[in-house]
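Chain by chain, the residues:
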Amino acid sequence: MNKILITADRVITGPADQVIDDGAVLVDAGMITAVGTAAELDPSVDASASRLRCPGATVMPGLIDCHVHLAFDAGPDPISEVAQADPGELAAAMAGRAEQMLDAGVTTVRDLGDRDALAVRLRTSIESGTAAGPRILSATAPLTSRGGHCGFLGGEVTTDDDIRAQIARNAAAGADLIKVMASGGALTPSGPRMWESQFTPAQLRLIVEEAARHGLGVAAHAHGTDAIAHCVEAGVRTVEHCSWRTADSTVYDPEITRRMVENDIAVCRCVSGNWPLFLEKLGPERADAMVEVIRNMREAGVRFIAGTDAGVPGAGFGDYVGMLEFFASLGFKHTEILDMATTNSARAMGLTDTGALAPGLRADLIVVDGDPLTELDALRRIQHVFAAGRPTTN
Ligand SMILES: [Zn+2]
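Throughout what follows, the structure given in this document is the object of discussion. (Residues numbered from 1 in each chain as written. Predicted model: local features only at pLDDT ≥ 70, side-chain atom pairs only at ≥ 80, totals over all residues. Heavy atoms only, no water.)

Let's shift gears to helix H3 (residues 87-103). Residues spaced three or four apart along an α-helix point in a common direction, a consequence of the helix completing one turn every 3.6 residues. Taking 1.5 Å per residue as the helical rise, H3 with its 17 residues ought to reach 24 Å, and the 24 Å between its terminal C-alpha atoms agrees with that figure. Of all the positions in H3, only Leu90, Met94, Arg97, Ala98, Met101 and Leu102 are classed as buried. Taken around the axis of H3, the buried residues stretch over an arc of 140 degrees, which confines them to a single face. Facing away from the buried side of H3, by more than 90 degrees, are the exposed residues Glu89 and Ala92. Residue aspartate 86 occupies the N-cap position of H3, its side-chain oxygen lying 3.1 Å from the main-chain nitrogen of glycine 88. One or two residues past the end of H3 sits glycine 105, with phi positive at roughly 95 degrees. (Helix = DSSP H or I, 4+ residues; strand = E, 2+ residues; numbered from the N terminus. Expected span 1.5 Å × (residues − 1). Buried < 20%, exposed > 50% of the residue type's maximum accessible area, 1.4 Å probe, protein only. Arc of directions from axis to C-beta. Polar contact = N/O pair within 3.5 Å; in protein donor to acceptor, adjacent residues only side chain to side chain.)

Right, dumping it as structure tokens:
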């Protein structure tokens, strides 16, 4: 890979309030080797390096989606789709979805549940350059109760020994983290209801301990208020959804939230780009309650990370920006939103080599037309994507 100097009207180095006007980024062999003003860098970089001049554009860290399911097709019935798919066809479909995300500027994804460790295989193909796509962190099969949420992916457990064995299997298959379905979910109507806990507090503690023994963190799917409390107590690294549901209402607990903030447990409040339709289906009362708990968590200082749940019904792989616009509609500042999409997500996933632009980090970056600090829609006008320094031009 050749040395390439990218110059643009502005470079957001990350966090998003760090901006260099008329900036430049030097990429060499997949890494960022210098960041500064174009006036500084241009004369110092030898003439043999290629120059990518992007007037009117912004260079910023590549986007991160902390919650996707590459194995799901975003259609009305992903469960039968995944269960019946031929492994070869499913792997090809997953590669296509990964490429679609890369084209949309997403350079890192965390896959939170697939079948037969297919995302790990795709991760390897992307790392070696035989497939184009974002860097993948894979949870492989999520741990769930017998007959529980997403049990069809192969991670059903009952006893403590089952838990240890499943975590060992996932680790051996190459998992980057462990996912646990701490509560039921809407996708599995035959399992526990979405507010019902699927594991005891002791089992959740065992899952976190056992994952740590394999060097892995835990992401916990938790809709129910009890499940959220137990996950925070157990020390999971991220809480997915975090919707504070009980059987008949929404019950937010400021004390649990305080502990979440204290222990730097991030919240991935997944929404798809289709959120206006989703809120309409929820009805005004529940939609207001959902929005209110997000505002409460924000006021309490919760670290939010970005996730689309791409692959579940209605959540496509190409509309990452739609998800960010949901947070803008709630009054989040653009700097907060861009941090959610980059630096905060990298940190919550334990990645220290991406999510910002600085010498020594992976060259995961995007060039967009316009300024996303004033207009999020600029993120839809992707001009170039570099994933580990490999360029894709739209
Ligand atoms: Zn999910």
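Text resumes after the structure shown.
Bringing the nonpolar core into the picture now. Counting 93 residues, the largest nonpolar core has Ile207, Ile228, Met260, Phe326, Phe327 and Leu379 as its most contacted members. Here isoleucine 207 is in contact with Leu143, Ile163, Ile167, Ile178, Val180, Phe199 and Val218, once residues within four sequence places are set aside. (Core = buried A, V, L, I, M, F, W, Y, C linked by side-chain atoms within 4.5 Å. Contact = heavy atoms within 4.5 Å.)

Our focus in this paragraph is the coordination of the zinc ion. The protein atoms that coordinate the zinc ion are His67 (NE2), His69 (NE2) and Asp309 (OD), at distances spanning 2.0 to 2.3 Å. When the donor residues of the zinc ion are listed from N- to C-terminus, their spacing reads H-x1-H-x239-D. Of this pair, histidine 69 sits in the loop between strand E5 (63-68) and helix H2 (78-84) while aspartate 309 sits in the loop between strand E14 (304-305) and helix H11 (320-329), and the two are 240 residues apart along the sequence. Like histidine 69, the residue aspartate 309 is buried in the burial classification. (Donors = N, O, S within 2.8 Å, 3.2 Å for Na, K, Ca; no water.)

Take the packing of helix H6 (residues 201-213) against helix H7 (residues 225-234) next. Two elements in contact, H6 and H7, have axes separated by 9 Å at closest approach and are oriented at 40 degrees. Taken together, H6 and H7 sit at an angle that is classed as oblique. Crossing hand, H6 versus H7: right-handed. Mapping the contact onto sequence places Pro201, Leu204, Arg205 and Val208 in H6 and His230, Cys231, Glu233 and Ala234 in H7. (Axes fitted to C-alpha atoms, helices over the stretch in contact; angles between N-to-C directions. Parallel < 35°, antiparallel > 145°, perpendicular 65-115°, else oblique. Left-handed = near helix turned anticlockwise from the far one by under 90°.)

What follows deals with the sheet that holds E5. One open sheet holds the three strands; their spatial order is E5-E6-E7, and the pairing between them is parallel. Unpaired on one side and paired on the other, E5 and strand E7 (135-138) mark the two borders of the sheet. Averaged over all neighbouring strand pairs, the angle between strand axes comes to 15 degrees, with direction disregarded. Here strand E6 (residues 106-111) runs beside E7; their pairing, made up of four bridges, is parallel. Each bridged residue has a counterpart across the sheet, and for aspartate 111 the counterpart in E7 is serine 138. This element, H3, spans E5 and E6 of the sheet and lies at about 135 degrees to E6. (Pairing = 2+ DSSP bridges.)

That is the geometry; function is a separate question.
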